[in-house]
There are 2 protein chains.
Amino acid sequence: MTEMLSAAALAQAVRSGHLSPADVAERCAATIRAREGDIRAFASLDLDALLAAAKAPGLAQKPLAGLPLGVKDILDTVDFRTGRGTPLFAGYRPVTDAAVVRMAARAGGLIAGKTVTTEFAFMTPSVTRNPRHAGHTPGGSSAGSAAAVAAGMLPITIGTQTGGSIIRPASYCGVTGYKPSFKLLPVLGLKPFAWSLDTIGLFGAHVADVAFAAGALTGREFGFEEDTPAPRFAVVRTARAHLAAPDAHAALDAAIAAAALAGAHLREIELPEALEAGDAASVPLQAYEAALAFADEWDRHREALSPTLAAYLEGAARVTPEDYDAARRAARRARYALADLFADFDAVLTFSTTGEAPEGLGSTGSPAFNRLWTLTGAPCVNVTGLAGATGLPIGIQLVGRFGRDRQTLTLARFLERAIAAA
Amino acid sequence: MTEMLSAAALAQAVRSGHLSPADVAERCAATIRAREGDIRAFASLDLDALLAAAKAPGLAQKPLAGLPLGVKDILDTVDFRTGRGTPLFAGYRPVTDAAVVRMAARAGGLIAGKTVTTEFAFMTPSVTRNPRHAGHTPGGSSAGSAAAVAAGMLPITIGTQTGGSIIRPASYCGVTGYKPSFKLLPVLGLKPFAWSLDTIGLFGAHVADVAFAAGALTGREFGFEEDTPAPRFAVVRTARAHLAAPDAHAALDAAIAAAALAGAHLREIELPEALEAGDAASVPLQAYEAALAFADEWDRHREALSPTLAAYLEGAARVTPEDYDAARRAARRARYALADLFADFDAVLTFSTTGEAPEGLGSTGSPAFNRLWTLTGAPCVNVTGLAGATGLPIGIQLVGRFGRDRQTLTLARFLERAIAAA
């Protein structure tokens, strides 16, 4: 196992002159050369271009300090073909970078390559291997982004989540995944799946790394809040608690104990019905929008879609505008119910996934503990540090208040430290 | 002046067998051949393909009954180059149709061509002439879409509005413009300008025509509501009333009188401060998003932008995340304030524009009476039937309740009939 790269630490080393951007790029390139053959995290890659770009003057003083980044191959890039995980777009060259890619470039990030996505960021497994155990899925859909960080190939990668495509692979690969508040990172240049849910986020080694990258990318203040009162956590197993494996429950118990030891106030609660109902509502909501988002592919290129996606879209086409409107109303009620919950709590602690990464590569795992939170638009963080029955990582999901991403990451770091100290 | 084409009437004639889709296509083609040289409504056009497509079997029974449509050239199309009104994208061929284009095709609409947009749907005037008076601007940015309907070339066209790009050209060209509730028509495949504001809408001859097309496109119920109580209209001149010309005030007075005669209850009110503040908030909101939406063009192709757009984006880059967040909060307050207003009223009657289409082609006119309503996401209709001092059209804008598009169009038809009867 190669050590993961801390984006925050590398940026500090570059800024203080202990490392140059070229040193960092060379270190990433060396790990990629050593491990990519096994991991297959990249859909396209240009290490020569990366090493050349790292020699540009002035990078060290920019917010991202010349750090190499990976961008999920569902986002448009001019400099790399954008295959979207499907033969339909093999070799596709967009004419415009996605907005978040330009933000990264402006901030002094260097795009090392495109990371593997499942087909159109849906459920059909990709070629990527889990760096923690090659025989287990890395999850999806942001498989390559999670794996590249887990394998120590890159310090920061960009992913996307419509159901659970950041938090789930982050948990399976043992990295920090951060799904920001809905629309915090602009989705322009992202191939849409469901526009009410599609969210761009980040993977890094630890909470400090994704917080650093979020601040550098957006120009917003993402420094951890200081002198905060003891966190008040709502522990939530949801109506789908039976889907979580015993070791997922045990990991959540361990997180609770660690947080309590660190001074947090915790209370296990049942979610109000209006919030629980958001999980079911996310299904027709996503489907109705997907049927329109893939209207062109469905009408013109149906034979090029995987059986999984084709079957999904066939069902999706049967969702009526009335079903959709009802789902949108349920989504709104769920958002209000979550906002009400945060009158008494600072964050929710819950499962990131149902357990360890499933064995085999035939499935990307279940988004059962992600859909509801994606629907609410609330910021979510996969916090690392715990493991399951076979020693593979099991993450804890921390869900914060919509628009309070800085606070959410501060609380996630609290939990991360508590788990490490316990 | 060629007579405008009623989409609803044509569809009915096709469905009842009095006309064939080919008859309708031939009629449109004849008018386009006769007038396009002067009007210049089209960025690209394929009349041979239109006439061939109109012979396909089964069109008459589809929701759009084989009607020819025009699509603003800011929306992606596979079958037509998508120039976005800029030399930067001259000849650009997207790989995927915009979702609304697929919706139109699925509903049995035939895309006759792409209608002229101003550069990236911003303020730099286009080549299109106003069919009501060639020496006056048709408005923008949906110049070609408004002009094609006004000139009787097409029964329905698709446009977009970020500031006032549907309602303003509709008013100047004397056609019905309908900006639906935000996100009613999916924006996938629209080149974004400001994602919190960009809205796809429709142009037609009369209210019944855009209502028919909206229903056919979306599969939603858009038939006019029956047996409705007497409408309660709030008449609003806004804090920008001084920008409206005397004949715009006179037109609004005439609309008030007509509506009252038809049985409506009307009350002239001042907008609550939280709602008025939305107008100012829309400026940094749009700018911040535009700076990201055009990040690629700005970084790579700045020299290819018009001076107007370049200057705008240069200023836009100075809007901070804090300014943006403040604008978003103001927008939310404005939406709540409008919802509160609708406790007492069914719709707002206000100016569509500052007056008649300005003389000359050096400006597309002012969105001063549009930005606020676009910001709220509320459905807006430009209602025709009145004229200004020189005999050019002056529309009345009817603003309905968010999500109540059917009710809004029902009220717009009430006003349209009242004006016609007065």
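Every chain is numbered independently, its residues counted from 1 as its sequence is written. Labels follow written order: the first chain is A, the first ligand is 1, and so on. Side-chain atom pairs in this predicted model are given and counted only at pLDDT of 80 or more, local residue features only at pLDDT of at least 70, and totals for whole chains, interfaces and linings cover all residues. With hydrogens and water excluded, all non-hydrogen atoms of the structure serve as input to the side-chain values.

As annotated in an unreviewed UniProt entry, chain A carries the name Amidase and comes from Ancylobacter koreensis. UniProt positions are given in the numbering used here, feature names are shortened, and annotations may be inferred rather than shown by experiment. In its Sequence similarities (unreviewed entry) section, the UniProt record describing chain A reads: "Belongs to the amidase family."

> Explain the overall build of chain A here, please?
The number of helices and strands found in chain A is 14 helices and 11 strands. Projected onto its principal axes, the C-alpha coordinates of chain A cover approximately 55 × 55 × 40 Å. In this scheme, a residue with accessible area under 20% of its type's maximum is buried, one over 50% is exposed, and one in between is partly exposed, where area comes from a 1.4 Å probe on protein chains only. Counting only residues that meet the buried cut, chain A has 65% of its 422 residues in that class. Looking at chain A as shown, the accessible area adds up to about 14,300 Å², and 54% of this sits on carbon and sulfur atoms. Segments assigned H or I by DSSP are reported as helices when at least four residues long, segments assigned E as strands when at least two residues long, and all are numbered from the N terminus. Per-residue and other accessible areas were derived by the Shrake-Rupley procedure at a 1.4 Å probe size, with only the shown protein chains allowed to occlude residues.

> When you look at unusual backbone geometry in this model, what are you seeing that I'm missing?
With glycine set apart, most residues show a phi of negative sign, and most peptide bonds adopt trans. Of note, the bond from G140 of chain A into S141 of chain A is cis; its omega dihedral lies within 30 degrees of zero at 5°. Position of S141 of chain A among the secondary structure elements: in the loop between β3 (110–115) and α5 (143–150). Of note, D227 of chain B is a non-glycine position whose phi angle comes to about 50°, a positive value. Position of D227 of chain B among the secondary structure elements: in the loop between α7 (207–218) and β7 (232–235).

> Please explain the sheet that holds strand β5 (residues 176–179) of chain B as it appears in this structure.
Across a sheet, strands are paired by hydrogen bonds formed along the backbone, either parallel or antiparallel in direction. Residue and element names in this part refer to chain B. Any two strands are treated as partners once DSSP identifies two or more bridges connecting them. One open sheet holds the 11 strands; their spatial order is β1-β3-β2-β4-β6-β5-β10-β11-β9-β7-β8, and the pairing between them is mixed. Edge positions in the sheet fall to β1 (42–45) and β8 (265–268), since each of these pairs with one other strand and no more. If you compare each strand with its neighbour and ignore which way they point, the axes differ by 30° on average. Relative to strand β6 (residues 199–204), β5 runs antiparallel, the two being bridged by 3 bridges. Paired with T176 across the strands is G204, a residue of β6. Any two residues having at least one pair of non-hydrogen atoms within 4.5 Å are treated as being in contact. All axes are obtained by fitting lines to C-alpha atoms, using only the stretch in contact for helices, and the reported angles, taken between N-to-C directions, cover 0 to 180 degrees. Strands β4 (156–161), β5, β6 and β10 (380–387) of the sheet are contacted by α7, whose axis makes an angle of about 130° with β6.

> What's the story with the relation of the copies chain A and chain B in this structure? I'm lost.
Relating one copy of the chain to the other requires a rotation about an axis plus a shift along that axis. With an RMSD of 0.0 Å, chain A superimposes on chain B once it is rotated by 180° and translated 0.0 Å along the axis. Considering both components of the superposition, the chain copies are consistent with a two-fold axis. Taking the C-alpha atom as reference, chain A places P94 of chain A closest to the rotation axis, 4.6 Å from it. Comparing contact sets, 97% of the residues at the interface of chain A also lie at the interface in chain B, consistent with an isologous, same-surface contact. When the copies are superposed, the least-squares fit draws on C-alpha atoms of residues that have pLDDT of at least 70 in both.

> Which parts of the structure should I look at to understand the side chain of H136 of chain A?
Within the secondary structure, H136 of chain A sits in the loop between β3 and α5. If we skip the residues at most four places from it in the chain, H136 of chain A touches N130, A357, P358, E359, G360, L361 and L392 of chain A.

> Help me understand the UniProt feature "domain: Amidase" (unreviewed entry) in chain A, please; the structure alone is not making it clear to me.
Per the UniProt entry, the sites bearing "domain: Amidase" (unreviewed entry) are residues 26–409 of chain A in this numbering. Taken end to end, residues 26–409 of chain A is 37% helix and 16% strand, and its first and last C-alpha atoms sit 30 Å apart.

> So what exactly am I meant to see when it comes to the environment of A105 of chain A here?
Along the chain, A105 of chain A falls in helix α4 (residues 99–106). Linking A105 of chain A and D38 of chain A, residues 67 residues apart in sequence, is a C-alpha distance of 29 Å.

> So what exactly am I meant to see when it comes to the interface of chain A and chain B here?
By a widely used convention, the size of an interface equals the accessible area lost when the partners come together. Taken together, the contact pairs 34 residues of chain A with 33 residues of chain B. Put simply, buried area is the surface a 1.4 Å probe can reach on two separate parts but cannot reach once they are joined, added for both. Summing the contributions of chain A and of chain B, the shared interface buries around 3,000 Å²; its carbon and sulfur component is 52%. Whenever Lys or Arg places a side-chain nitrogen within 4 Å of a carboxyl oxygen from Asp or Glu, that contact is recorded as a salt bridge. Ionic pairing is found between R300 of chain B and D97 of chain A, a salt bridge with its closest N-O pair at 2.5 Å. What qualifies as a polar contact is a pair of N or O atoms within 3.5 Å, subject to a donor-acceptor requirement within protein and to the restriction that residues adjacent in sequence count only when both atoms come from side chains. Applying the counting rule to chain A against chain B returns 12 residue pairs in polar contact (both at pLDDT 80 or more). Elements represented by at least two residues in the side of chain A that touches chain B include exactly α4, α9 (273–293), α10 (295–301) and α12 (321–341) of chain A.

> How should I be thinking about helix α2 (residues 21–39) of chain A in this particular structure?
At 3.6 residues per turn, the α-helix brings residues three or four places apart onto the same side. Residue and element names in this part refer to chain A. One axis is fitted to the seven residues ending at the residue and one to the seven starting there. The bend at that residue is the angle between these axes. Bending of α2 peaks at approximately 40° at the position of R33. Every buried residue of α2 is accounted for by P21, V24, A25, C28, A29, T31, I32, R35, E36 and I39. On its buried face, α2 sits against α1 (7–15), β1 (42–45), α3 (47–53), β2 (68–72) and α5. Positive backbone phi, approximately 60°, marks R40, located one or two places after α2.

> Would you take a moment to explain the domain arrangement of chain A for this structure?
All names here are of chain A. Start and end positions for the domains come from either an automated domain assignment or a database one. We note that the domain assignment places domain 1 (7–218) and domain 2 (232–274 + 329–421) within chain A. Its C-alpha centre places domain 1 at a distance of 23 Å from the equivalent point of domain 2. In this complex, domain 1 contributes 42 residues to the contact, which on the side of domain 2 involves 41 residues. Taken as a group, H136, Y172 and V207 account for 20% of the area that domain 1 buries against domain 2, more than any other trio of residues on that side. If you look at where domain 1 meets domain 2, you find 0 salt bridges. Inspection of the domain 1/domain 2 interface yields 21 residue pairs in polar contact (both at pLDDT 80 or more). At the level of elements, α6 (167–173), β5 (176–179) and α7 (207–218) are the ones that each hand at least two residues to the side of domain 1 that touches domain 2. Take the side of domain 1 that touches domain 2: its biggest share by element is 6 residues, from α6.

> Can you help me understand the packing of aromatic side chains in this one?
The relative placement of two aromatic rings is captured by the distance of their centres and the angle of their planes. Stacked, tilted and edge-to-face are the three classes applied to pairs of Phe, Tyr and Trp rings, where Trp contributes its six-membered ring and a pair requires centres within 6.5 Å; stacked means planes under 30 degrees apart, edge-to-face means over 60, and tilted covers the rest. Taken as a whole and judged by the stated rule, the model has 22 aromatic pairs over all chains. Between the aromatic rings of F233 of chain A and F414 of chain A, the centroid separation amounts to 6.1 Å while the plane-to-plane angle is 45°, which identifies the pairing as tilted. Of this pair, F233 of chain A sits in strand β7 (residues 232–236) while F414 of chain A sits in helix α14 (residues 405–421), and the two are 181 residues apart along the sequence. The structure contains a cluster of three or more aromatic residues connected by ring pairs, namely F89, Y92, F120, F122, F193, F294 and Y312 of chain A. When the ring centre of F89 of chain A is taken as reference, the NZ or CZ atom of R84 of chain A above it lies at 4.3 Å. Whether a charge sits over a ring comes down to the Lys NZ or Arg CZ being within 6 Å of the ring centre and within 35 degrees of the ring normal. If you follow R302 of chain B out to its NZ or CZ, it ends over the ring of W298 of chain B, 4.0 Å from the centre.

> Explanation requested: the sheet that holds β7 of chain A in the structure shown.
All names here are of chain A. Read across the sheet, 11 strands follow the order β1-β3-β2-β4-β6-β5-β10-β11-β9-β7-β8 without closing on themselves; strand pairing throughout is mixed. A single partner strand is all that each edge strand has here, and the edge strands are β1 and β8 (265–269). The average angle at which neighbouring strand axes cross in this sheet is 30°, direction not considered. Along the sheet, α7 makes contact with β4 (156–161), β5, β6 (199–204) and β10 (380–387), crossing β6 at roughly 130°. Contacts from α14 reach β5, β7, β9 (347–351), β10 and β11 (393–399), with the element oriented near 5° to β10.

> Looking at this structure, I do not really get empty space enclosed by the protein. What am I missing?
Rolling a probe over the atoms, with the probe sized like a water molecule, indicates the empty space that remains. In this analysis, the protein atoms alone were mapped onto a 1 Å grid. Cavities are point sets where a 1.4 Å probe fits without being able to get out; pockets are open sets with protein on both sides within 12 Å along at least five of seven lines; lining residues have an atom within 4 Å of a point. Grid points are joined across faces, edges and corners, and a volume is the space filled by probe spheres set on the points. With the rule as written, the count across this model stands at 10 cavities of 30 Å³ or more. Of the volumes computed, that of the largest cavity is approximately 1,000 Å³. Lining the largest cavity are 49 residues, and of these G189, L190 and P192 of chain A together with G189 and L190 of chain B lie nearest its centre. Breaking the lining of the largest cavity down by element, the ones donating at least two residues are α9 and α10 of chain A together with α4 (99–106), α9 (273–293) and α10 (295–301) of chain B. Note on residue categories: nonpolar means Ala, Val, Leu, Ile, Met, Phe, Trp, Tyr, Cys or Pro, charged means Asp, Glu, Lys or Arg, and polar means any other residue, Gly included. Split into classes, the residues belonging to the lining of the largest cavity amount to 30 nonpolar, 4 polar and 15 charged.

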